[in-house]
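# A closer look at the structure
Given next are the chains, with one letter for each unit.
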Amino acid sequence: MVRRTKADALVTRNTLLDAAEHLFQAHGVSRTSLNDIATAAGTTRGAIYWHFKDKADLFNAMMERVTMPLEGALACAAGKAEAADNPLLSLRDSMMNALRQTATDEQTRRVFEVATHKVEYVSEMQAVRDRHLRVRNQCMAMTEKALREVVRRENVKLAMPLPTAALGLHVIMDGLIQNWLLDPLAFDLEKSGRQTMDAYLTGLGFSLPAARAPRRAAPARAMPA
């Protein structure tokens, strides 16, 4: 019997996760069985149980393999806020990077679509719901931390309590991504996201650098008669 190496095991694990991503996207999580995933990956159901406890464990491993845009952006924003020369622009740039990653990275988009539109929180997926809530709470905490630093540095009195402001920013980002995933051709995620975010931040009381207006061509002078 050939002895499997750690490298072989890692290849098998990633192959299973790749197969799960595509099947979950195509058929939904509840309508995809572990046997379906094993068949698509060219392995056995036993191989799945070698790497994962159950479907929920496999799903969460799929999620953790790809840093979700909002999670990564907020971790970056919270970490950079205190050191940034302009924490407000740093926060906005981090949010824009999340939208850009969603719009341009195929795997991120696929996993995000599965996580938002292709999973049901039935009993066997309780661990997935628990992870979703945990990540949501972490994102909220990181958003609030970044905003608190911006308020401190900008010396701004917010138009609403800080936790409410953080919730609003989180809902805007999450809603933009979820709606774009329903129909990516409906609107430009980056452009609409930037405009919506800037309007919200301005409404909170922050001052953002004015966008440069396009330079108009000088009117042609009439030739002398």
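The structure contained in this document is the topic of the report that follows. (Residues numbered from 1 in each chain as written. Predicted model: local features only at pLDDT ≥ 70, side-chain atom pairs only at ≥ 80, totals over all residues. Heavy atoms only, no water.)

### Here we look at helix α1 (residues 6–27)
Definition in use: By the criteria applied, helices consist of DSSP H or I runs no shorter than four residues and strands consist of E runs no shorter than two, each listed in order from the N terminus. Helix span, as expected, comes to 1.5 Å for every residue beyond the first.
Its 22 residues place the ends of α1 31 Å apart at the C-alpha level, agreeing with the 32 Å of an ideal helix rising 1.5 Å per residue. Immediately beyond the C-terminal end of α1, within one or two residues, lies Gly-28, with a positive phi of roughly 90°.

### Some remarks on the side chain of Thr-32
Where we set the bar: Exposure categories follow from relative accessible area, calculated using a 1.4 Å probe and restricted to protein chains: below 20% of the type maximum is buried, above 50% is exposed, and the middle band is partly exposed. As used in this structure description, the phrase polar contact means that two N or O atoms lie within 3.5 Å; if the pair is within protein, one of them must be able to donate a hydrogen and the other to accept it, and residues adjacent in sequence are counted only when both atoms belong to side chains. Every residue pair with non-hydrogen atoms within 4.5 Å of one another is taken to be in contact.
Among the secondary structure elements, Thr-32 is positioned in the loop between α1 and α2 (34–41). Residue class for Thr-32 comes out buried when judged on its relative accessible area of 2%. In this structure the side chain of Thr-32 is engaged in a polar contact, spanning 2.8 Å, whose partner is the backbone oxygen of Gly-28. Leave out the neighbours within four places in its chain, and Thr-32 touches Leu-23, Phe-24, His-27, Ile-37 and Lys-55.

### Thoughts on helix α6 (residues 87–104)
The end-to-end C-alpha distance of α6 is 25 Å, a good match for the 26 Å that 18 residues give at a rise of 1.5 Å each. What α6 keeps buried is the set Pro-87, Leu-88, Ser-90, Leu-91, Arg-92, Ser-94, Met-95, Met-96, Ala-98, Leu-99 and Thr-102.

### Quick notes on the nonpolar core
Short version of the rule: The criterion is simple. A nonpolar core is a set of buried Ala, Val, Leu, Ile, Met, Phe, Trp, Tyr and Cys residues joined through side-chain atoms within 4.5 Å.
The biggest cluster of nonpolar side chains holds 30 residues, and the ones touching the most others in it are Leu-147, Leu-158, Met-197, Leu-201, Leu-204 and Phe-206. Leu-201 has contacts with Leu-88, Arg-92, Phe-206 and Leu-208, leaving out every residue within four places of it along the chain. Listed in part, the 26 residues of the second largest apolar core include Leu-17, Ala-19, Ala-38 and Val-66.

### Considerations on the layout of surface pockets
Any empty space left between the atoms is revealed when a probe the size of a water molecule rolls over them. What counts here: In this analysis the probe radius is 1.4 Å and the grid spacing 1 Å, with only protein atoms considered; a cavity is a set of points the probe fits into but cannot get out of, a pocket is an open set with protein on both sides within 12 Å along at least five of seven lines, and lining residues have an atom within 4 Å of a point. Grid points are joined across faces, edges and corners, and a volume is the space filled by probe spheres set on the points. Gly is put with the polar residues, along with every residue not named as nonpolar or charged; the nonpolar set is Ala, Val, Leu, Ile, Met, Phe, Trp, Tyr, Cys and Pro, and the charged set is Asp, Glu, Lys and Arg.
Estimates place the volume of the largest pocket at around 410 Å³. Taken together, 21 residues make up the lining of the largest pocket; nearest its centre are Phe-112, Thr-116, His-132, Val-135 and Asp-174. It is helix α8 (residues 126–154) that contributes the most residues to the lining of the largest pocket, 7 residues altogether. Tallied by class, the residues present in the lining of the largest pocket amount to 12 nonpolar, 5 polar and 4 charged.

### Notes on unusual backbone geometry
Excluding glycine, residues mostly carry a negative phi; peptide bonds, for their part, are mostly trans. In the Ramachandran plot, Asn-155 falls in the positive-phi region, its phi being about 55° despite a non-glycine side chain. Judged by relative accessible area, which is 70%, Asn-155 ranks as exposed.

### Some points on the pattern of salt bridges
In plain terms, the rule: For this document, the term salt bridge refers to a Lys or Arg side-chain nitrogen within 4 Å of an Asp or Glu carboxyl oxygen.
Going through the model one piece at a time under the given rule, you end up with 10 salt bridges. For Asp-18, the salt bridge identified is with Arg-65, shortest N-O distance 2.8 Å. Of this pair, Asp-18 sits in helix α1 while Arg-65 sits in helix α4 (residues 55–65), and the two are 47 residues apart along the sequence. Note on Asp-18: relative accessible area 35%, which makes it partly exposed. According to the relative accessible area criterion, Arg-65 is partly exposed, its value standing at 28%. The shortest N-O distance in the salt bridge between Glu-149 and Arg-153 comes to 3.6 Å. Separated by 4 residues within a single helix, Glu-149 and Arg-153 lie in helix α8, roughly one turn from each other.

### Observations regarding the packing of α6 against helix α7 (residues 106–117)
Quick note on the threshold: To obtain an axis, a line is fitted to C-alpha atoms, over the contacting stretch when the element is a helix, and the angle between two such axes runs from 0 to 180 degrees between their N-to-C directions. Roughly parallel refers to an angle under 35 degrees, roughly antiparallel to one over 145, roughly perpendicular to one between 65 and 115, and oblique to any angle outside these ranges.
One can describe the packing of α6 onto α7 by two numbers: an axis separation of 5 Å at closest approach and a directional angle of 95°. Taken together, the axis directions place α6 and α7 in an arrangement best described as roughly perpendicular. Residue-level contacts link Gln-101, Thr-102 and Thr-104 of α6 to Glu-106, Thr-108, Arg-109 and Phe-112 of α7. Considered class by class, the residues forming the contact of α6 with α7 number 1 nonpolar, 4 polar and 2 charged.

Geometric values such as these leave the question of function open.
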